[in-house]
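# Residue-level structural notes
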Amino acid sequence: MTGGPVAVRRAAGPVGLLLVAAAAAWVWVVTRWGGMQAMPGTMGLGLPAFLAVWTLMMAAMMLPATASVAALYARTIIVRRTPRMVVFTVAYLLVWAAAGLPAYALAAGLGRAASLPATAGTAVAAAVFAVGGVYQLTPLKDRCLAKCRSPVGLMLRYASYPGRSRDLRAGAHHGAFCLGCCWSLMTLLAVFGVMNLWAMVVLAAVITAEKLAPAGRLVARAVGIASIALAVAVFWVPALAPGLTGGDMSRM
């Protein structure tokens with residue numbers, strides 16, 4: 001678990017591949033969707049296409065913040081490190097791909113809300129901001145974030161997993177904690193616009209700061225308070241919720 005310089009160097013290879021995968025996902029998102037204005041709903045995508053796009057988005061946003069945990073896990077692997085880390089990463093992303101199902105339902109529902117009178121759409125946006133903000137301040141958020149910030153206990157658990165399914169189970173287990181930590185932030189994408197590049201960049205930075213910065217817990221609480229403030233402010237500035245109002249937040 002502690003290892004030395006050799007173990008660190010061996011772990012750097014698989015983690016480097018993870019970061020390359022995240023960079024490739026960002027390149028795809030920027031080149032394919034970077035010029036789009038935020039659109040309500042699912043952007044006209046069917047469920048299979050939405051899930052594919054969603055999974056690439058999650059790879060871009062979540063993998064950099066997961067690199068430290070992946071590096072620690074890689075140091076527990078003695079043989080076949082790279083292919084086993086690929087299994088760990090795929091299992092992690094499968095959890096987020098599964099989260100795309102409720103995300104699609106939420107985006108579709110909010111897309112319909114965007115066709116309602118402006119006051120109704122604004123009220124829905126305020127509710128989403130408020131729910132996400134309140135969750136940021138809950139003990140469950142703190143517990144999930146603690147597992148992502150201090151994963152040594154998880155490594156001991158993963159080391160006890162028997163057989164060839166260890167990497168699959170470890171990746172899925174860690175993905176579940178990350179989902180518990182970050183789902184409230186991802187719901188904001190439905191309000192800002194699922195493919196709102198600016199929102200993706202800001203939320204990815206928030207997620208990385210929550211997990212890796214020394215004051216990550218304070219960042220999480222500050223974001224929760226800010227989200228609750230947005231729930232109030234959106235009644236005066238509907239453009240804060242372009243995914244529901246069709247406004248252009250980048251002009252603000």
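Residues numbered from 1 in each chain as written. Predicted model: local features only at pLDDT ≥ 70, side-chain atom pairs only at ≥ 80, totals over all residues. Heavy atoms only, no water.

In this section: the packing of helix H5 (residues 139-149) against helix H8 (residues 197-212). Packing of H5 against H8 brings their axes to within 8 Å, and their N-to-C directions diverge by 75°. Overall, the two elements H5 and H8 adopt an arrangement that is roughly perpendicular. Along its contact with H5, which presents Lys141, Leu145, Cys148 and Arg149, the element H8 presents Ala209, Glu210, Lys211 and Leu212. Per-class residue counts for the contact of H5 with H8 are four nonpolar, no polar and four charged. (Axes fitted to C-alpha atoms, helices over the stretch in contact; angles between N-to-C directions. Helix = DSSP H or I, 4+ residues; strand = E, 2+ residues; numbered from the N terminus. Parallel < 35°, antiparallel > 145°, perpendicular 65-115°, else oblique. Contact = heavy atoms within 4.5 Å. Nonpolar A, V, L, I, M, F, W, Y, C, P; charged D, E, K, R; others polar.)

A few words now on the pattern of salt bridges. Enumeration according to the criterion identifies three salt bridges in this entry. Among the salt bridges present, the one from aspartate 167 reaches arginine 84, with a minimum N-O distance of 2.7 Å. Here aspartate 167, found in helix H7 (residues 166-192), pairs with arginine 84, found in helix H3 (residues 81-113); they are 83 residues apart in sequence, far enough to count as distant. Of the two residues, aspartate 167 and arginine 84, both sit in the buried class. Residue arginine 221 is joined to aspartate 142 by a salt bridge in which the shortest nitrogen-to-oxygen separation is 2.7 Å. (Salt bridge = Lys/Arg side-chain N within 4 Å of Asp/Glu carboxyl O. Buried < 20%, exposed > 50% of the residue type's maximum accessible area, 1.4 Å probe, protein only.)

It is worth spelling out a nonpolar patch on the surface at this point. Taken together, the side chains of Val134, Leu137, Ile225 and Ile228 define a hydrophobic patch exposed on the protein surface, amounting to about 320 Å² of accessible area. By secondary structure assignment, the location of valine 134 is in helix H4 (residues 118-136). You can call valine 134 partly exposed: its relative accessible area is 47%. (Patch = residues over 30% accessible without salt bridge, like charges linked within 9 Å, V, L, I, M, F, W, Y side chains within 5 Å. Areas by Shrake-Rupley, 256 points an atom, 1.4 Å probe, with all protein chains shown as cover.)

Now for the side chain of aspartate 167. Owing to a relative accessible area of 5%, aspartate 167 belongs among the buried residues under this scheme. The residues contacting aspartate 167, other than those within four sequence positions of it, are Tyr73, Ile77, Arg84, Val87, Phe88 and Ala91.

Where like charges cluster on the molecular surface, the positive patch consists of Arg143, Lys147, Arg157 and Arg169. Structurally, the position occupied by arginine 143 is in helix H5. (Lys, Arg positive; Asp, Glu negative; His and termini not counted. Charge placed at Lys NZ, Arg CZ, Asp CG, Glu CD.)

Okay, the packing of helix H2 (residues 47-74) against H8 next. Axis angle and axis distance: for two packed helices, these are the angle between their axes and the distance between the axes, and together they describe the pair. Between H2 and H8, the least distance of the axes is 9 Å, while the angle of their chain directions is 20°. One finds that H2 runs roughly parallel with respect to H8. Viewed along their axes, H2 and H8 form a crossing whose handedness is right-handed. Where H2 abuts H8, its residues Met57, Met61, Met62, Pro64, Ala65, Thr66 and Ser68 lie against Met200, Leu203, Ala204, Ile207, Thr208, Lys211 and Leu212. (Left-handed = near helix turned anticlockwise from the far one by under 90°.)

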